[in-house]
Amino acid sequence: MLDFIPKIPIAEAVSDFTDDITNAFAWLFNPIKNQFGDFMEWSADLLVAIPPIIIILVVALLAFFITGKRIGLAIFSVIGLWLIYNQGLWEELMFTFSLVLIASLLSVIIGVPVGILMSKSKLAENIISPILDFMQTMPAFVYLIPAVAFFSIGMVPGIFASLIFATPPTVRFTNLGIRQVSEELVEASDAFGSTGTQKLFKVELPMAKSTIMAGINQTVMLSLSMVVIASMIGAPGLGREVLSSLQRAQVGTGFVAGIGIVILAIIIDRFTQNLNMKKAD
Amino acid sequence: MPVIQVEGLSKVFGKNTKEALKLLDEGKTKEEILKKTGNTVGVNRASFEVEAGEVFVIMGLSGSGKSTLVRLINRLIEPTEGSVMIDGENLAKMDKTNLRRVRREKLSMVFQKFGLFPHRTILENAEFGLEIQGLDKEKRSKKATEALKLVGLGEYIHQKPAQLSGGMQQRVGLARALANDPEVLLMDEAFSALDPLIRKDMQDELLDLQETMKKTIIFITHDLDEALRIGDRIALMNGGSIVQIGTPEEILVNPANDYVEKFVQDVDRSKVLTAEHIMKRPETINIEKHGPRVALERMREVGLSSIYITDAKRNLKGYVTADDASEARKNEVRDLNEILKTDVPTVSKDTTMHDIFEVIHDSPVPIAVVEDGKLLGIIVRGAVIAALAGEGEVNLNNA
């Protein structure tokens, strides 16, 4: 009975579709892969070229001021980063960090405007919401496949997969933040004759700032997790260490690389959170 | 020439607004229309005019449509039907650009919960309207500072709103509205969120400011006492319709229907009615013509134990009592001046009954209502009591 309808060729359709896109947009994807790939290499190399001691000190100083002149995060950063250096993972750390930085930056650049659009239009919200659900619930590995198809292997497909996986929180929180601005403030802004742009920049975005920052924090953390997974398609960094330990069943090296990721995650998380708190008051 | 003319202004919330308007024409109530069409009538054909410099109060209980009405005036809510004329322009029909211009130049709004921007300082809040208009920093800061001084906030201008008390915050709201120098101030329950003492202070201050500013103010409130205190005229709303428009006295004394009557019955009439409403035409004796004998006679005629004495121009001189007059007649005194008493209890025609009590309770004679030394009328105790009881003694024609 259930076999009455033959298997619907969804997988084939998606494959064909991806192939078509790869061919049709080769003129776009190839330059992105090359130019952007070069830029990524360059920025990662730049970070690697800076002496580790300077980076550690700068991070510690920033941590000190960003937490309101408290010493805790600064000390943690110094010890954590030194430990990673000590374990010989400094270069990998720099690669992972530059990937996360660029992936999150792109996510925010794309996510905030889309969130604004969603908050302004019911139609946009109805269309974009299910797409966001889809993007977030699809297992992250699945994105790696078309990413490789479009951009082959390396950093660029890693960024691409990260964009898809990590942008939704920024979009959602931007939408939420703007919709949460109290009606009276929106009315006040309108009543004094604001244009839409004035209202957005003088009232809505400043009022939604802390909510948007919470979304960005999520995006950054998701980027980090995706960048680690992206080592499966050749993205360099701490993730690659974990992957190779897995393939060679080296528990010790895997653990050390894992700790490195955790340290980076904690530092990034505390930085974005404190940035948010500082902005909020 | 009215500044604002509102004509047949209606708002129906929902999809099938045409049918709802048709049902309204047939005289169906808000509830019936909601049941039949699923549409909510916010405001039903409101029409009124507001003169320049007038404080026009729109008053009603929650759900009466007053907040919707004020938002229809500056089109924060899009009207379903009707027109709002400001200086000959129909706000309800104009395009976005013109609407923004009118909002920037002619209408300012003060909000119930203040509507201040928490991320801006007091000064930046007061500057908001000017900033939107594109004024440069120096000019707008000067104007906003002036407006803040006007409402008594010279010192706290670099603090954030959250650091100020409610009363102070609403002063900022008022300053923000005044900084634009608008023709019309829309005040939506502006003082309702304040505690009673502060509220009264703010009302007084608004009235003081109004003395000098002479703005046209449309003031929304659910508090009848507030409406009576500050309104030159009051529009009473119920179920989306305006049920009566009139001066505070007219509404108190001649309620248009049962609803208004029920509404105003608990009002402290002693704070609204004035001497003018309850005074009577005085019986007087002309001091230049008559003596104690005539005075005594007149008192006997009208059944009073004292009588007021004036000159030929009705300037109040004093009063004589019946006892003194009969004494004088026995002693053959001819001149009223000899028995004239000058410790006359007087009030002006605008004195409220509340203040009349204090004069009348220990006065042996009726109170004289005086203007520029001339006697306008007298108030006897009976009239005060009758007026408080809400009975027919009150005469609006005096006003």
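Quick caveat, the model's predicted, so the values are computed rather than measured.

## What about the overall build of chain A?
Point 1. Within chain A, the regular secondary structure consists of twelve helices and zero strands.
Point 2. Each helix (α) and strand (β) of chain A, taken in turn from the N terminus, gives the series α-α-α-α-α-α-α-α-α-α-α-α.
Point 3. Over its C-alpha atoms, taken along the principal directions, chain A stretches across nearly 70 × 65 × 40 Å.
Point 4. The 281 residues of chain A split such that 37% are buried.
Point 5. A sequence separation of at least 24 residues applies to 76% of the contacts in chain A between residues at least 6 apart.

## A look at the overall build of chain B
Point 1. Scanning chain B for helices and strands turns up 16 helices and 16 strands.
Point 2. Taking 2.2 N^0.38 as the reference for a compact globule, 399 residues should give roughly 21 Å; the C-alpha atoms of chain B span a radius of gyration of 27 Å, well beyond that estimate.
Point 3. For chain B, the spread of C-alpha atoms along the principal axes amounts to about 85 × 55 × 35 Å.
Point 4. Buried positions account for 43% of the 399 residues belonging to chain B.
Point 5. Expressed as a percentage of contacts within chain B between residues at least 6 apart in sequence, the contacts between residues at least 24 apart total 65%.

## Notes on the sheet that holds strand 14 (residues 346-347) of chain B
All names here are of chain B.
Point 1. The three strands lie next to each other as 14-15-16, forming an open sheet whose pairing is mixed. Because the sheet does not close on itself, it has two edges, and the strands there are strand 14 and strand 16 (374-379).
Point 2. One ladder, built from two bridges, connects strand 14 with strand 15 (residues 367-371); its direction is parallel. Bridge pairing in strand 15 places Val347 opposite Val369.
Point 3. Packed onto the sheet, helix 15 (residues 353-360) meets strand 14, strand 15 and strand 16 and runs at close to 125 degrees relative to strand 15.

## Thoughts on the interface of chain B and chain A
Point 1. Chain B puts 14 residues into the contact, and the matching count from chain A is 14 residues.
Point 2. Residue assignment for the side of chain B that touches chain A shows that the elements contributing at least two residues are helix 4 (96-105) and helix 5 (122-133) of chain B.
Point 3. Classifying every residue of the side of chain B that touches chain A by side-chain character gives six nonpolar, four polar and four charged.

## Let's talk about the nonpolar core
Point 1. Ranked by size, the top nonpolar core spans 164 residues in total, and within it Ala175, Ile218 and Ile379 of chain B carry the most contacts.
Point 2. In terms of residue count, the dominant contributor to this core is helix 10 (residues 196-229) of chain A (13 residues).
Point 3. Looking at which domains feed residues into this core, each of domain 1 (2-106 + 182-267) and domain 2 (275-398) of chain B supplies at least three.
Point 4. Not counting chain neighbours up to four residues away, the residues in contact with Ile379 of chain B comprise Ala275, Ile278, Met279, Ile356, Ile360, Pro366, Ile367, Val369 and Val384 of chain B.
Point 5. With five residues, the next largest nonpolar core counts Val12, Ala20, Leu24 and Ile33 of chain B among its residues.

## Section: the domain arrangement of chain B
Point 1. Partitioning chain B into domains gives domain 1 (2-106 + 182-267) and domain 2 (275-398).
Point 2. On a C-alpha basis, the centres of domain 1 of chain B and domain 2 of chain B stand 44 Å from each other.

## Quick notes on helix 13 (residues 292-302) of chain B
Residue and element names in this part refer to chain B.
Point 1. Among all positions in helix 13, only Pro292, Ala295, Leu296 and Met299 are buried. Angularly, the buried residues of helix 13 cover 100 degrees about the axis, an arc narrow enough to put them on a single face. Exposed residues lying more than 90 degrees from the buried face of helix 13 are Glu301 and Val302.
Point 2. Buried residues in helix 13 make contact with strand 11 (284-286), strand 12 (306-310), strand 13 (316-321) and helix 14 (322-330).

## Some points on unusual backbone geometry
Residue and element names in this part refer to chain B.
Point 1. One non-glycine residue, Arg75, lies in the positive phi region at around 60 degrees.
Point 2. Note that Arg75 resides in the loop between helix 3 (66-73) and strand 4 (81-86).
Point 3. The residue Asp372 is not glycine, and still its phi comes out positive at about 50 degrees.
Point 4. Within the fold, Asp372 resides in the loop between strand 15 and strand 16.

What counts, and at which threshold
- Residues numbered from 1 in each chain as written.
- Chains lettered and ligands numbered in written order.
- Predicted model: local features only at pLDDT ≥ 70, side-chain atom pairs only at ≥ 80, totals over all residues.
- Helix = DSSP H or I, 4+ residues; strand = E, 2+ residues; numbered from the N terminus.
- Buried ≥ 20, exposed ≤ 12 C-beta atoms within 10 Å, placed from the backbone.
- Contact = placed C-beta atoms within 7 Å.
- Rg over C-alpha atoms; globule rule 2.2 N^0.38 Å.
- Pairing = 2+ DSSP bridges.
- Axes fitted to C-alpha atoms, helices over the stretch in contact; angles between N-to-C directions.
- Nonpolar A, V, L, I, M, F, W, Y, C, P; charged D, E, K, R; others polar.
- Core = buried A, V, L, I, M, F, W, Y, C linked by C-beta atoms within 7 Å.
- Domains from an automatic or database assignment.
- Arc of directions from axis to C-beta.

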